[in-house]
Amino acid sequence: MDSLQAVVKTRLFIVRLILTVLGFAILGRVFWIQIVRGDDLKEQALNQWTNDMLIEPARGNIYDRNNNPLAISAKSDTVVASIPDIKDEDIEKTAASLSAVLHIKEEDLEKSLRDAKKAKKGAIYIKRKISDEESEALKKLNLKGIYFIKETKRFYPEKNLCSQVLGFTGIDGEGLNGVELSYENYLKGTPGRTVFEKDVWSRKLPFGQDQYTPPKDGLNLVLTIDKVIQNTAESELEKALVEHNAERGTIIVMDPKTGEILAMASKPDYDPNSYSEFDEQLWKNPAISDTYEPGSTFKIMTALASLEEGVVRPEDKFFDPGYIMVSGVKIKCWYHSGHGSQTFVQAVENSCNPVFVEVATKLGKDRFMEYINKFGFGKATGIDLPGEAKGLLLDSSKIGPVELATISFGQGISVTPIQMISALTCVANDGKMVKPHIAKALTDKNGNVVKEVSPEFSDQLVSPKTAQEMKGILESVVSNGTGGKGKIEGYSVAGKTGTAEKYSPGKYIVSYMGFAPCEDPKLAALVIIDEPKEDLIYGGTIAGPVFQKVMADSLSYLGIKPETAAVVNSGTIKLPDLRNLFIEDAKKILTQNDLVPQIEGSGYVVEEQTPAPGAKVQRDSKVILKVSSSSTNREPVIIPDLEGRTVKEATDILNAIGLNIEIVGSGYAIKQNPAPNSEVNLGTTVKVEFSQTPIED
């Protein structure tokens, strides 16, 4: 009996032990499921019996400064396949039908559908944001299991216009380039969501509970761009590329008082509506991302620094034999025969390299580099666009006398177009630079301004006096020097040309930069033409006309009235600027204005005049013209009348005003082509026929 009880007790103990262990195991499992993995399993369960879908917000539109739409969002159909609704035997037929309309490979579609079926997926995308034509054709097929949902698609109604500024968005509506990228956080908005219960086949339960959180739409972006000026700039740039058979071109038009970019374009470009069909190199914005050697436009910076530091004055005299020796290296002037005796103002007018080398040498490396850094070179301007380059400056320790010399006239330094036009604002703004910007304001869907962009100015970089002197010099470059192609009737224009040889022999990049009106600048522009193919390649002759046309049209469009005419009243004359003119042309202008020329000195070119240009004088007043044997590079050049001149006289006259001569015969000039009073570019060859017997009146 005792033995039986002992066995029973042992068995009960074993059972209890087993039950206790099982109990603890169950408790442990419950703890693991409820506590350790509770949140994860709860989320998995929710995913199994609910469907959580994000609702895409409406992306903000992009407008120009006058509220013309440049980028808008519209609803577009996206094709979705409901996998449970497509039978296995229908997959091949469905794939073939979809392929014919959507232009996707049939085998790829069939594989996607079968893989989704195997994975028991509820639905998959077939093609997102299709065209209206594709949507209409597909709906007519009425394919079982194929449905449409509405998504937002980005459209650019002006196509290529301003494309490199605007950028584009990806398939999910995120900004990938241009202002679409830099203002992504403002444009994209906040997604909403909808949650609903579903069955085992991912179908919505008819009486399930739904949760809906509405999306918050993005803000609209108003740019500083003016659609009319942008269109003019792009049109004229494209014409120039065709006319001069150039590879590329860039133009920027800016308000120099506020830093607002009114136009920014580069050609060739692309259509952001179909950006993937274009070379990726066209997506970038060369106006901010490409670097180049600026050539003679950089002489503005050299002159500004030198005038501010007092190492040169406008009236200082220089002599250019056509070259200058620097540490045993011969640096030539672009005008190989040399400009001879000239003032600093005339040296800027003539874009004379040796004079700038001499001035920069006096200024010294340390001071010069200090100003180059002050003017923003070697660092980003901070414009609100992605992909801005910093340019390239040599380390100061690597700049010797020769490097200093070449930098003085814009070679051996690499800059971006936006840096150049930003630095120019230092002249236009009386010694202060303004930061460039492309956004004007952010607005809500009702047009209320949420955020506005204000101008940002630098410290005083040069004195107002220096800036005013530089304005006058640059105005003289246009009226008397190489910048003549930038003249705009009725307006005073400050400008500078640039021509730089690239590292590939025989390839050049030319430019023209300036602003108008001089006294109260309203517009500034920079035009760059890369690798034009012409016999005579100069910034003034190739980029100058583009600058002139865009600026003239823009000033007129903006309602900026022309300045006062030359004649003040019936008895008073505002003296024209006669410096750097061929003496006979200067005399003719004075005579036509009822003024009396008095010639002092010998030569063919007017070096100075008294009274000064712009002075008001009475009719029949005497104007003293001091002439010299120095050369001029004023453009455009008016062909002088050479009739009766000897071969030497004709040659000297034409060379002095920047023209070449083709001599036919000997003796006295009897015939010439082009005809007298024609306007031609610098470097034009004039064919002159000579005879031993001069023509008699």
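Below, the structure is looked at part by part. Since this is a predicted model, take the numbers as computed values, not measurements.

**Examining unusual backbone geometry**
Part 1: Alanine 516 connects to proline 517 through a cis peptide bond whose omega is -20°.
Part 2: As for its placement among the helices and strands, proline 517 is situated in the loop between strand S20 (508-516) and strand S21 (523-530).
Part 3: Backbone geometry at lysine 129 places phi at a positive 50°, although glycine is not the residue there.
Part 4: With respect to the secondary-structure elements, lysine 129 resides in the loop between strand S4 (123-127) and helix H5 (132-141).
Part 5: In this structure, glutamate 531 takes a positive phi of about 60° despite not being glycine.
Part 6: Relative to the assigned elements, glutamate 531 resides in the loop between S21 and helix H18 (539-542).

**Some details on the sheet that holds strand S25 (residues 605-610)**
Paired through their backbone hydrogen bonds, the strands of a sheet run either parallel or antiparallel.
Part 1: Pairing in this open sheet of three strands is mixed, and the strands run S24-S27-S25 from one edge to the other. Every interior strand has two partners, whereas the edge strands, strand S24 (596-600) and S25, have only one. Direction aside, the axes of adjacent strands within the sheet are offset by 35° on average.
Part 2: Relative to the sheet, helix H20 (residues 583-592) contacts S24, S25 and strand S27 (622-628), its axis offset from that of S27 by approximately 175°.

**Looking at the sheet that holds strand S19 (residues 494-501)**
Part 1: Spatial strand order, S10-S9-S21-S20-S19: five strands in an open sheet with antiparallel pairing. Whereas interior strands pair on both sides, the edge strands pair on one side only; in this sheet they are strand S10 (261-267) and S19. Recorded for the sheet is a direction-independent mean angle of 5° between the axes of neighbouring strands.
Part 2: Relative to S21, S20 runs antiparallel, the two being bridged by eight bridges. In the strand pairing of S21, isoleucine 509 is matched with aspartate 530.

**Quick notes on the packing of aromatic side chains**
Part 1: Under the counting rule described, the total for this entry stands at 13 aromatic pairs.
Part 2: Taking 5.0 Å as the distance between ring centres and 70° as the angle between the ring planes, the aromatic pair formed by phenylalanine 168 and tryptophan 283 counts as edge-to-face. One end of the pair, phenylalanine 168, is in the loop between helix H6 (163-166) and helix H7 (178-182); the other, tryptophan 283, is in the loop between S10 and helix H10 (286-289), with 115 residues separating them in the sequence.
Part 3: Phenylalanine 168 sits in the buried class, given a relative accessible area of 2%.
Part 4: On the basis of an interplanar angle of 65° and a centroid distance of 5.4 Å, the ring pair of tryptophan 334 and tyrosine 538 is categorised as edge-to-face.

Analysis parameters
Residues numbered from 1 in each chain as written. Predicted model: local features only at pLDDT ≥ 70, side-chain atom pairs only at ≥ 80, totals over all residues. Heavy atoms only, no water. Helix = DSSP H or I, 4+ residues; strand = E, 2+ residues; numbered from the N terminus. Pairing = 2+ DSSP bridges. Axes fitted to C-alpha atoms, helices over the stretch in contact; angles between N-to-C directions. Contact = heavy atoms within 4.5 Å. Phe/Tyr/Trp six-rings, centres within 6.5 Å; stacked < 30°, edge-to-face > 60°. Buried < 20%, exposed > 50% of the residue type's maximum accessible area, 1.4 Å probe, protein only.

Nothing here speaks to function; it is all geometry.
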